[in-house]
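Fold and geometry: a report
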Amino acid sequence: MRIQNPLFHADMPDPDVIRVGTDFYMVSTTMFYMPAAPVLKSGDLQHWEIVSYICTEVSDNAVYRLENGRHAYGKGQWATSLMFHEGRFYACFVCHDMKKTYLFSTDDIEKSDWDRIELDCVYHDMSFLRWEDRVYLVYGNGEIRIVELNEDLTGIVEQSDRVLFHAPAEGMRLRCEGCRAYVKDGWIYLLFVEWPADTETQTGIRREVCYRSRNLMGPYERKVILSDDGSLPGRGIAQGVLFDDACGNWYAMMFQDSGAVGRVPFLMPAVWEEEWPVIGVNGKVPAQLEVPCVETVTGKIIQSDQFSHSENTLKKVWQWNHAPDPAAWSFTERPGYLRLKNRSMAKNLFYARNTLTQRTRAPYSRFSVRLECDGMKDGDYAGLCVFLEKYGQIGVRQKKGKRSIVMQCRDGENAPYELTRRGDLGALDEWYAVKEYELPFSAGQVFLRIDFRYDSWGSEEETAVFSYSLDGEQYCRLGMELALVYSLSVFVGARIGIFSYNEEREDGGTADFKDFVAEFE
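Everything numeric in this text was worked out from a predicted model, so none of it was measured. (Residues numbered from 1 in each chain as written. Predicted model: local features only at pLDDT ≥ 70, side-chain atom pairs only at ≥ 80, totals over all residues. Heavy atoms only, no water.)

Quick look at the overall build of the protein now. Helix and strand content of the protein: two helices and 38 strands. The C-alpha atoms of the protein give 23 Å as radius of gyration, which agrees with the globular expectation for 521 residues (24 Å, within 12%). Overall, the C-alpha framework of the protein stretches about 75 × 50 × 45 Å when taken along its three principal axes. Out of the 521 residues in the protein, the part that is buried amounts to 60%. Charge separation in the protein, taken as the distance between the mean sites of 58 positive and 78 negative side-chain charges, equals 3 Å. (Helix = DSSP H or I, 4+ residues; strand = E, 2+ residues; numbered from the N terminus. Rg over C-alpha atoms; globule rule 2.2 N^0.38 Å. Buried < 20%, exposed > 50% of the residue type's maximum accessible area, 1.4 Å probe, protein only. Lys, Arg positive; Asp, Glu negative; His and termini not counted. Charge placed at Lys NZ, Arg CZ, Asp CG, Glu CD.)

Set out below in structure tokens:
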């Protein structure tokens, strides 16, 4: 079977992959979107389906409830490591905002909400390492450290945390991080991403490096094993995993920063030469590769949804922006619809709870939904949105008993790195102007649509266009074309979202959504 790269044209960063029998399982990073830490399954390495989430929420506090001006944008669940050990599945990720590392386990990887242990320490970008019947976490950025887990994997062995080695610092934009650890034929292999700084004659490329040793505490040898940026200068394909199939063939999966759509994974062959992993083809990531698998078609990672559900259970392709208010949404209150109820006030989209999101896909995505608004009250604003730092939204807003169709978006020069990295919502509110386009509206329903155009994805020229229709057939464009820009304040790719919030008071009305449709070229 032939697989085309990239594996997904969608945001799926920080992959870890394991194989159990003939099934492959992958975890990825979704940060502040809940439920957290999606688990994907594949039988053929091409078709992947989200089968579970490691946890419903990271923590039940003001940060994850978007209360009192607190939030986890750009933070939350990072770079989960996955392990199958003695018949049980384990996952581990760090939350810098909580200053904790979370260790999970389950006997059924396809069941959500695993057993949880909280470690009161930050083991940044850690990886499980099994060596001589013991289990360790290897972690760090530049200074690479190791700490041992106790025998039943419920905590840390006291005074076991120590330095393994220091990665090169001179001339580096990013020192080694994003560890993935393996043991093969008596060798320990530690994989990392690093990013050399630009020089006068050469653009630095994100690249994958490998350290190896026959002893846990070293010394470690070092080798660059992939330095390829494809068609996006400097944005090397790196940070990922090694794994094998049931026939003994080896593969690597790494991701690339690919503009507003997010960070997308690539699959490539791997072989072992002179006891080093060699990935790609002649040092490059191939545009396609053959795998000895029988095609196994699964559900997509982006899906349409009629919202005709008999229980208040989401399809697994959906995630909320932060933890939702469970009393503020329902499929059963009005059967056949997603009902969003406005139970808190929000200054703008970034402060609103219960925004329901999915990924978008390059090179083109179109999403539409039907909104029925007879339950709306003054101050309510509901509709469809592009969720990014420079967000855009189109929907119905009610003020003083009258409704209008409103397209609203942030506009202006992109916020500087120093500001976006802080994730200060108030400062971002002050930085950007807000453009607004409004039309009178008196009907009880409207069809809303957003087109994402990634024709030149990765070039920072991607755009979104907003439209509405009164009959679901003839659409009219409203407002400006929104430039889609990836930013560290959010740190994930552009998402489509269904939103409803009240701009004036705590006790708003309701918005009913039906027939969410995802289309691709």
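More follows now that the structure is in view.
Strands sit in the order 4-24-27-37-29-30-31-32 across an open sheet of eight strands; the sheet is antiparallel. The open sheet has two edge strands with one neighbour each: strand 4 (33-34) and strand 32 (433-441). (Pairing = 2+ DSSP bridges.)

Moving on: the sheet that holds strand 5 (residues 36-42). Within the open sheet, the four strands sit side by side as 2-3-5-6. Their pairing is antiparallel. The sheet is open, and its two edges are formed by strand 2 (16-20) and strand 6 (49-55), each paired on a single side. The sheet shows a mean angle of 25 degrees between the axes of neighbouring strands, taken without regard to direction. Pairing analysis gives five bridges linking strand 2 to strand 3 (residues 23-27), with the strands arranged antiparallel. Counterpart to Ile18 in the pairing with strand 3 is Tyr25. (Axes fitted to C-alpha atoms, helices over the stretch in contact; angles between N-to-C directions.)

Glancing now at the packing of aromatic side chains. Given two aromatic rings, their pairing is described by the distance between the two centres and the angle made by the two planes. As enumerated under the stated definition, the model contains 36 aromatic pairs in all. Here the aromatic rings of Tyr25 and Phe89 are separated by 6.2 Å at their centres, their planes lie at 70 degrees, and the arrangement is edge-to-face. Within this pair, whereas Tyr25 is found in strand 3, its partner Phe89 is found in strand 8 (residues 88-95), the two being separated by 64 residues in sequence. Comparing Tyr25 with Phe89, the two get one shared label, buried. Measuring from ring centre to ring centre gives 6.3 Å for Phe367 and Phe520, while their planes differ by 85 degrees; the resulting arrangement is edge-to-face. On the criterion of sequence distance, the pair formed by Phe367 in strand 28 (residues 364-372) and Phe520 in strand 38 (residues 510-520) is long-range, its members being 153 residues apart. When its relative accessible area of 28% is taken as the criterion, Phe520 is described as partly exposed. (Phe/Tyr/Trp six-rings, centres within 6.5 Å; stacked < 30°, edge-to-face > 60°.)

The subject of this paragraph is the pairing of strand 3. In terms of burial, strand 3 is largely enclosed, as four of its five residues are buried. Here strand 3 runs beside strand 5; their pairing, made up of four bridges, is antiparallel. Within strand 5, the position partnered with Val27 by the bridge is Val39.

Two side chains carrying opposite charge are able to pair once their charged atoms lie near each other. Across all of its chains, the model carries 38 salt bridges by this definition. The closest approach of N and O atoms between Glu118 and Lys100, which form a salt bridge, is 2.7 Å. Within this pair, whereas Glu118 is found in strand 10 (residues 115-119), its partner Lys100 is found in strand 9 (residues 100-106), the two being separated by 18 residues in sequence. Its salt-bridge partner being Glu333, residue Lys341 comes within 2.9 Å of it at the nearest N-O pair. Here Lys341 falls in the partly exposed class, since its relative accessible area comes to 22%. Judged by relative accessible area, Glu333 falls into the partly exposed class, the value being 41%. (Salt bridge = Lys/Arg side-chain N within 4 Å of Asp/Glu carboxyl O.)

It is worth spelling out the state of the cysteines at this point. Scanning all chains against the criterion turns up zero disulfides. Note on Cys55: no disulfide assigned, nearest cysteine sulfur contributed by Cys95 at a separation of 7.8 Å. The class for Cys55 is buried, based on a relative accessible area of 3%. No disulfide involves Cys476; its sulfur sits 17 Å from that of Cys373, the nearest cysteine. Judged by its relative accessible area of 38%, Cys476 falls in the partly exposed class. (Disulfide = S-S within 2.5 Å.)

Right, let's talk about a negative patch on the surface for a bit. A contiguous patch of negative charge, built from Glu86, Glu132, Asp133, Glu151 and Asp152, is present on the exposed surface. For Glu151, a relative accessible area of 83% corresponds to the exposed category. (Patch = residues over 30% accessible without salt bridge, like charges linked within 9 Å, V, L, I, M, F, W, Y side chains within 5 Å. Areas by Shrake-Rupley, 256 points an atom, 1.4 Å probe, with all protein chains shown as cover.)

Along the chain, Asp97 falls in the loop between strand 8 and strand 9. The side chain of Asp97 is buried and forms no salt bridge, while Lys75, the nearest opposite charge, is found at 6.9 Å. A distance of 3.1 Å separates the side chain of Asp97 from the backbone nitrogen of Gly76, its partner in a polar contact. Apart from residues lying up to four places away in sequence, Asp97 is in contact with Val63, Tyr64, Ala72, Lys75 and Gly76. (Polar contact = N/O pair within 3.5 Å; in protein donor to acceptor, adjacent residues only side chain to side chain. Contact = heavy atoms within 4.5 Å.)

Let us now look at the nonpolar core. The biggest cluster of nonpolar side chains holds 88 residues, and the ones touching the most others in it are Trp48, Ile394, Phe452, Ile498, Phe513 and Phe516. Residues within four places of Phe516 in sequence aside, it is in contact with Gln303, Ser304, Asp305, Phe307, Trp318, Gln358, Phe367, Ser368, Val369, Leu384, Ile496 and Ile498. (Core = buried A, V, L, I, M, F, W, Y, C linked by side-chain atoms within 4.5 Å.)

This brings us to the side chain of Asp305. Residue position: Asp305 is located in the loop between strand 23 (288-290) and strand 24 (319-321). Among buried charged residues, Asp305 stands out as having no salt bridge; its nearest opposite-charge side chain is Lys315, 4.6 Å away. Reaching out from Asp305, the side chain makes a polar contact with the backbone nitrogen of Phe307 at a distance of 2.8 Å. In this structure the side chain of Asp305 is engaged in a polar contact, spanning 2.8 Å, whose partner is the side chain of His309. Residues contacting Asp305, with those up to four places away along its chain left out, are Lys315, Trp318, Asp515 and Phe516.

In this fold, Asp198 is placed in the loop between strand 16 (187-196) and strand 17 (207-213). A C-alpha to C-alpha distance of 8.8 Å links Asp198 and Gly234, two positions 36 residues apart in sequence. Beyond its immediate sequence surroundings of up to four residues, Asp198 is in contact with Thr203 and Gly204. Within the structure, the side chain of Asp198 is placed 2.7 Å from the backbone nitrogen of Gly204, a separation counted as a polar contact.

Just geometry here; none of it tells us what the structure is for.
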